[in-house]
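Observations on the model geometry
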Amino acid sequence: ANLPYALFAGRLYSQVGDAGLESQIYAEEFFRKALEISPDNNESLLMLGECLFKQERYSEAIRIFEKAMGRNPSELSESAVPLIAAAYIYDEQFEHGERFLRSALSADPDADYARISLALVLNMQKKTSEAANELKKVIGRPAVRPELKLYASNLLRNIEKWWTEE
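Residues numbered from 1 in each chain as written. Predicted model: local features only at pLDDT ≥ 70, side-chain atom pairs only at ≥ 80, totals over all residues. Heavy atoms only, no water.

**Description of the packing of helix 5 (residues 80-90) against helix 7 (residues 112-124)**
Two elements in contact, helix 5 and helix 7, have axes separated by 9 Å at closest approach and are oriented at 10°. Our classification of the angle between helix 5 and helix 7 gives roughly parallel. Mapping the contact onto sequence places Val81, Pro82, Ala85 and Ile89 in helix 5 and Tyr113, Ala114, Ser117, Leu120, Val121 and Met124 in helix 7. Looking at the contact of helix 5 with helix 7 residue by residue, the classes come out as nine nonpolar, one polar and no charged. (Axes fitted to C-alpha atoms, helices over the stretch in contact; angles between N-to-C directions. Helix = DSSP H or I, 4+ residues; strand = E, 2+ residues; numbered from the N terminus. Parallel < 35°, antiparallel > 145°, perpendicular 65-115°, else oblique. Contact = heavy atoms within 4.5 Å. Nonpolar A, V, L, I, M, F, W, Y, C, P; charged D, E, K, R; others polar.)

Now the structure itself:
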């Protein structure tokens, strides 16, 4: 029962078996074992949340992700926040997702990936002008990575197109 082994095994099952539900179930077991060994390990929580997401258990994934954020919001990685936002969208918890992402942005106003995710959640709620404004913030910020700026620009163009078609 050692933490590095449990995390390694969980990651291995989760990554090798992205397409297979069985491997995600094994990964889940190892991440839960890691949390038994070290209940305060945020990395284990985030990996468990991702594993539950891959199993399409979105409500459970959201609870795990929120627990991780409550412990240490700065540990939420650039890849975790869009995954969390997707869980809210798939579980149709748009308002809840909006609150979560606004909270993440209050902790880090320059978290462009969180701002783009917020725009997607806002758009799902038909808050199109708010979504467009969030994307414009990303596009207008000088320090944004070029690929994020391009992604935000393409999203904005699509949102504006959908907006005018309604």
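**A short note on helix 5**
Of all 11 residues in helix 5, nine are buried, a share of seventy percent or more. Among the residues making up helix 5, those that are buried are Ala80, Val81, Leu83, Ile84, Ala85, Ala86, Ala87, Tyr88 and Ile89. Looking one or two places after helix 5, you find glutamate 92, whose phi comes out positive at around 55°. (Buried < 20%, exposed > 50% of the residue type's maximum accessible area, 1.4 Å probe, protein only.)

**Focus: the confidence of the model for the chain**
On average, residues of the chain carry a pLDDT of 86, and 91% of them reach 70 or more. Per-element confidence in the chain ranges from a low mean pLDDT of 78 for helix 1 (residues 3-16) to a high of 95 for helix 8 (residues 128-140). (pLDDT = per-residue confidence, 0-100.)

**Some remarks on the nonpolar core**
Membership of the largest hydrophobic core comes to 52 residues, with the highest contact counts inside it found for Phe31, Phe53, Leu101, Ala114, Ile116 and Leu135. Of all the elements, helix 5 adds the most residues to this core, at eight residues. Apart from residues lying up to four places away in sequence, phenylalanine 31 is in contact with Leu7, Gly10, Arg11, Ser14, Ser44, Met47, Leu48 and Cys51. (Core = buried A, V, L, I, M, F, W, Y, C linked by side-chain atoms within 4.5 Å.)

**Re helix 6 (residues 94-107)**
Here helix 6 contains 14 residues, and its C-alpha end-to-end distance of 20 Å stays within 8% of the 20 Å for a straight helix at 1.5 Å per residue. Looking only at helix 6, the buried set comprises Phe94, Gly97, Glu98, Phe100, Leu101, Ala104 and Leu105. Seen from one end, helix 6 has its buried residues packed into an arc of 165°, which puts them on one side. In this structure, helix 6 carries Arg99, Ser106 and Ala107 as exposed residues pointing more than 90 degrees from its buried face. (Expected span 1.5 Å × (residues − 1). Arc of directions from axis to C-beta.)

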